[in-house]
Amino acid sequence: MRTCNDPDDVTAWARSWRSEGARVGFVPTMGFLHRGHASLLDLAHARCDRVVVSIYVNPLQFGPSEDLDRYPRDPEGDLRLCAAHGVDLAFLPETLYPPGFSTRVRVEGLTSVLCGAARRGHFEGVTTVVARLFGIVGPCTSVFGEKDWQQYVVVRRMAEDLHPGVEVVAGPLVRDDDGLALSSRNRYLSAADRVRALSLHRALRAIRDSREPSVPALLEEGRSLLEVDRLDYIAIVDPWSLAPLERVDRPARALVAAFVGNTRLIDNVAVDPR
Ligand code: AMP
């Protein structure tokens, strides 16, 4: 496995692989990697000949009062996990924004709801860094996690609009044995908060498993199960437009974002029509 800090080296390697006819897969991450990330690396491998991973805590996607400074980091552990999952190139840039960088990429509509409403500017930071990374790597396929469902939908939209050569695919959300969605931020949780954090998945499971078609009734039930300190949202939406639904009469997605202690957690599940 190669490790690069310099974007030009990454571009050169990826270009040489493409020139040999190899399909280059790409998995962008912010590091502190866990089994959820590993599953995306495996998926990239299954679809591509070469796999590039980026590990970069992107300042542009954090708000002023968010956890940029304390975001967990473990570059050595990350590199071990990447090597164990057959990564060809790990890209760990010091920064991705050269002096004078002044471009922003914004997807409209999809980013004004759910996490976009709660975290102003967050998705602009995500799409700007992903567009820059797509430019550096030039992947055939880029793999994202369903854990961040809205991010996946937003990046897919951006790729359809701006990067027609890049296929964006999603891997399923990976959970701990007790149902908690794996997240780098789980390490902030105290033991007691971790127990309350399980209520996110419990609420979503209740919605998924209910036969009730009315969205207001489903959301009321979901809310009643949450044991959180602050609820950002719980919603049942069309999976691709993210528009709210009144009844679950077609495939839908239930999503929740809430603070447990000081930690903001998100989770989501697919909801079948009933
Ligand atoms: P992050 O390092 O949190 O920016 O995540 C990098 C990628 O890994 C994103 O596409 C996430 O959606 C994905 N990811 C994070 N946690 C999980 C999980 N538990 N299951 C599947 N994918 C995940």
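In the block above lies the structure referred to throughout.
Here the structure is a predicted model, which means the values were calculated and not measured.

### Side note on the overall build of the protein chain
Here is step 1 of the chain: When you go through the protein chain residue by residue, the secondary structure sums to eight helices and nine strands.
Here is step 2 of the chain: In terms of C-alpha radius of gyration, the protein chain reaches 19 Å, essentially the compact-globule figure of 19 Å for 274 residues.
Here is step 3 of the chain: By its C-alpha atoms, the protein chain is 55 × 40 × 35 Å across when sized along the principal axes.
Here is step 4 of the chain: Out of the 274 residues in the protein chain, the part that is buried amounts to 55%.
Here is step 5 of the chain: For the protein chain, the accessible area works out to roughly 12600 Å², and carbon and sulfur atoms hold 48% of it.
Here is step 6 of the chain: Seen as two clouds, the 34 positive and the 37 negative side-chain charges of the protein chain have centres 1 Å apart.

### Considering the nonpolar core
Here is step 1 of the chain: The biggest cluster of nonpolar side chains holds 43 residues, and the ones touching the most others in it are V10, V52, L96, V130, F134 and V168.
Here is step 2 of the chain: Taken together, the elements giving at least two residues each to this core come down to helix 1 (7-19), strand 2 (24-29), strand 4 (89-91), helix 5 (122-137), helix 6 (149-162), strand 7 (230-237) and strand 8 (252-260).
Here is step 3 of the chain: Of all the elements, helix 5 adds the most residues to this core, at nine residues.
Here is step 4 of the chain: Taken domain by domain, this core gets at least three of its residues from each of domain 1 (2-171) and domain 2 (184-267).
Here is step 5 of the chain: Residues in contact with F134, not counting those within four places in the same chain, are F26, P139, S142, F144, V155, M158, A159, H163, V166 and V168.

### Considerations on the sheet that holds strand 7
One key point about sheets: their strands pair by backbone hydrogen bonds, in either a parallel or an antiparallel sense.
Here is step 1 of the chain: Read from one edge of the open sheet, three strands run 7-8-9, paired in antiparallel fashion. Every interior strand has two partners, whereas the edge strands, strand 7 and strand 9 (263-271), have only one. Across the sheet, the mean angle separating the axes of adjacent strands is 10° when strand polarity is ignored.
Here is step 2 of the chain: Pairing of strand 7 with strand 8 involves seven bridges; the strand directions are antiparallel. Paired with I236 across the strands is A254, a residue of strand 8.
Here is step 3 of the chain: Its contacts with the sheet put helix 7 (residues 191-209) on strand 7, strand 8 and strand 9, and the angle it makes with strand 9 is roughly 20°.

### Digging into the side chain of S183
Here is step 1 of the chain: In this structure, S183 sits in the loop between strand 6 (167-171) and helix 7.
Here is step 2 of the chain: The class for S183 is buried, based on a relative accessible area of 17%.
Here is step 3 of the chain: When residues no more than four places from it in sequence are discounted, the contact partners of S183 are H34 and K147.

### A short note on the packing of aromatic side chains
Here is step 1 of the chain: The final tally for this structure, using the stated rule, is eight aromatic pairs.
Here is step 2 of the chain: Between W13 and W17, the aromatic rings sit 5.8 Å apart at their centres with planes inclined by 35°, giving tilted as the arrangement. Taken together, the residues W13 and W17, both in helix 1 and four residues apart, mark about one turn of the helix.
Here is step 3 of the chain: Taken together, a centroid distance of 5.4 Å and an interplanar angle of 70° make the contact between W149 and Y152 edge-to-face. One end of the pair, W149, and the other, Y152, are both in helix 6, three residues apart, so they sit about a helical turn from each other. Here the two residues W149 and Y152 agree in accessibility, since each one is buried.
Here is step 4 of the chain: Between the NZ or CZ atom of R70 and the centre of the ring of Y188, over which it lies, the distance is 4.1 Å.
Here is step 5 of the chain: The ring centre of W149 lies 3.9 Å from the NZ or CZ of R253, which sits over that ring.

Reading guide: rules and limits
Residues numbered from 1 in each chain as written. Predicted model: local features only at pLDDT ≥ 70, side-chain atom pairs only at ≥ 80, totals over all residues. Heavy atoms only, no water. Helix = DSSP H or I, 4+ residues; strand = E, 2+ residues; numbered from the N terminus. Rg over C-alpha atoms; globule rule 2.2 N^0.38 Å. Buried < 20%, exposed > 50% of the residue type's maximum accessible area, 1.4 Å probe, protein only. Areas by Shrake-Rupley, 256 points an atom, 1.4 Å probe, with all protein chains shown as cover. Lys, Arg positive; Asp, Glu negative; His and termini not counted. Charge placed at Lys NZ, Arg CZ, Asp CG, Glu CD. Core = buried A, V, L, I, M, F, W, Y, C linked by side-chain atoms within 4.5 Å. Domains from an automatic or database assignment. Contact = heavy atoms within 4.5 Å. Pairing = 2+ DSSP bridges. Axes fitted to C-alpha atoms, helices over the stretch in contact; angles between N-to-C directions. Phe/Tyr/Trp six-rings, centres within 6.5 Å; stacked < 30°, edge-to-face > 60°. Lys NZ or Arg CZ within 6 Å of the ring centre and 35° of its normal.

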